[in-house]
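# Results of the structural survey
Listed below are the residues making up each chain.
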Amino acid sequence: MTQEDLFKKLIAHSKEYGFIFQSSEIYDGLSAVYDYGQLGAELKNNIKKYWWEAMVRLNDNIVGIDSAIFMHPRIWEASGHIGAFNDPLIDNKDSKKRYRADVLLEEHIAKIEEKIEKEVEKGRKKFAENFDEAKFKETNPNVIRHQNKIADIQNRMNSALNSNDLDALKQLILDCEIVCPVSGTRNWTDVRQFNLMFSLQMGSTAEGANTIYLRPETAQGIFVNFLNVQKTGRMKIPFGIAQTGKAFRNEIVARQFIFRMREFEQMEMQFFVRPGEELKWFEQWKTNRMKWHKLLGLGDENYRFHDHEKLAHYANAATDIEFHFPFGFKEVEGIHSRTDFDLGNHQKYSGKKLQYFDSETGESYVPYVIETSIGVDRMTLLILSAAYREEQLADGEQRIVLRIPPVLAPVKLAVLPLLKKDGLPEKAREILNALKCDFYCQYDEKDSIGKRYRRQDAIGTPFCITVDHKTMEDNTVTVRHRDSMEQQRVAISKIHEIICEQVSFKNIFEQLMM
Ligand code: GAP
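Everything numeric here is computed off the predicted structure, so don't read it as measured data. (Residues numbered from 1 in each chain as written. Predicted model: local features only at pLDDT ≥ 70, side-chain atom pairs only at ≥ 80, totals over all residues. Heavy atoms only, no water.)

### A short note on the domain arrangement of the chain
- Examined at the domain level, the chain breaks down into domain 1 (1-71 + 196-392), domain 2 (86-195) and domain 3 (411-512).
- For domain 1 and domain 3, the distance between their C-alpha centroids amounts to 35 Å.
- Listed as interface residues are 16 residues of domain 1 and, on the opposing side, ten residues of domain 3.
- Summed over both sides, the interface of domain 1 with domain 3 buries roughly 1,300 Å², with 73% coming from carbon and sulfur.
- Where domain 1 touches domain 3, the interface holds zero salt bridges.
- Of all the secondary-structure elements, those providing two or more residues to the side of domain 1 that touches domain 3 are α2 (38-57) and α11 (278-294).
- For the side of domain 1 that touches domain 3, the leading source of residues is α2, giving seven residues.
- The residue inventory of the side of domain 1 that touches domain 3, partitioned by class, reads nine nonpolar, three polar and four charged. (Domains from an automatic or database assignment. Contact = heavy atoms within 4.5 Å. Buried area = accessible area lost by both parts, 1.4 Å probe. Salt bridge = Lys/Arg side-chain N within 4 Å of Asp/Glu carboxyl O. Helix = DSSP H or I, 4+ residues; strand = E, 2+ residues; numbered from the N terminus. Nonpolar A, V, L, I, M, F, W, Y, C, P; charged D, E, K, R; others polar.)

Set out below in structure tokens:
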């Protein structure tokens, strides 16, 4: 199965089992906006819990807030979003389709990277066990030619983006002979800047209305509350403020399902430090955040850092944590050293002093900031795409299973009476009632036990508890494990412990603190 087929199947599966629906589907949908169904909402909540507790509970010096989406419009002038939160767009005159100029170039680079991979594969076949990939890449003339081409495109693109030279960006697209994927032509308009913020009117009458913006990031709600939290929480530098919440961007290229949406959710943490110490903290947060991802056990090889060459208007260092999605390595989280840009500008624009008195040094200063910023929806897609498997079983049957890490699985266990008689349903409900205060459980008595196991596999439930006639005699049940499909006979009194061991964040958190 190709990665593209896998992705299509994942989207269909997410809908079929109540994870993710197209927004406003009965009205033919709204582009790049999605709703989470009964299981998607559970999965998302578990992801947010994992993040929030790892930030706020494990770190004595990080607290969480919940700021409003509507904010004073001057905030977006101070943050630079009104002036600089733009994407360069280009239209194809024949297809009338609109693209992000930098995305067209990145996709072109990805195609050249695929050519390099094909050369490497050829080399691997030719030299078999004597194959040295690093040496091959350094010496093979075709690979070197492709690499030089990529380096040239990247240099020209970065320089055009950094200097806001839109003509140079268009020239690069023409020089690379990039064609519109729909019309197949190179009939491009000029490149223009497009602001990504949604605006709306606040006020009861149009005349008295004020234009405000839907926030494009949650970070600014943290910056404008910096002093409130520092003073009321008696926070000492270094300290962090975390929050999760909705953000909105009028994305030009909104596709790949929930990867790039117009309404999405972020989990952001701003860590305030002494000026001059920011790069040390930047490295620490890089390490901590990568560990948080890898502890979910989805394969260390699926993650990598991508350091930014083109820095955002507020940063002096930045990196992305990228994950191997079905459509390639893509950003899931950004870690940015934002300097004193935001607090400094809010101080200037609001006229209010946003300084911290450091009793250790006796100085007052505007703190520097390290930000960690991850999308909840992108993290949800990461989990679903890493978890989705079609497995061939020994008995010749096939199963679709979501190998979601048990700590994040929407339903932790299903209680299944083997038959709908002889008191088995009543016993099963008794077990369910004893467990449902601690775990999200399901009860299912319909169809054969095999079909019920398949249904639970398909939604990623780590445990199935089967109640049979033996249960009525000796108070034992069968616990069936999702991944190994192994079954063990245990006393009812042991179920809680077995499940807790797998679904509690405790084990992961202990390792994260090491
Ligand atoms: N405050 C910094 C900031 O917002 P960003 O790199 O623009 O930085 C951070 O966004 C994260 O938010 C991304 O790594 C991604 O996970 C998520 N994100 C950004 N735009 C998104 C979109 N249109 N749809 C879904 N997630 C998005």
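Further notes follow.
### Structural notes on the pattern of salt bridges
- A full pass over the atoms with the stated rule returns 42 salt bridges.
- For lysine 44, the salt bridge goes to aspartate 377, with nearest N and O atoms at 3.9 Å. Taken as a pair, lysine 44 in helix α2 and aspartate 377 in helix α13 (residues 376-387) lie far apart in primary sequence, 333 residues in all. The exposure classification of lysine 44 matches that of aspartate 377, with both residues buried.
- A salt bridge links arginine 274 to glutamate 277; the nearest nitrogen and oxygen atoms lie 3.7 Å apart.
- Within this structure, Glu391, Glu397, Arg399, Arg403, Arg454, Asp457, Arg480, Arg482 and Asp483 form a network of salt bridges that share partners. (Buried < 20%, exposed > 50% of the residue type's maximum accessible area, 1.4 Å probe, protein only.)

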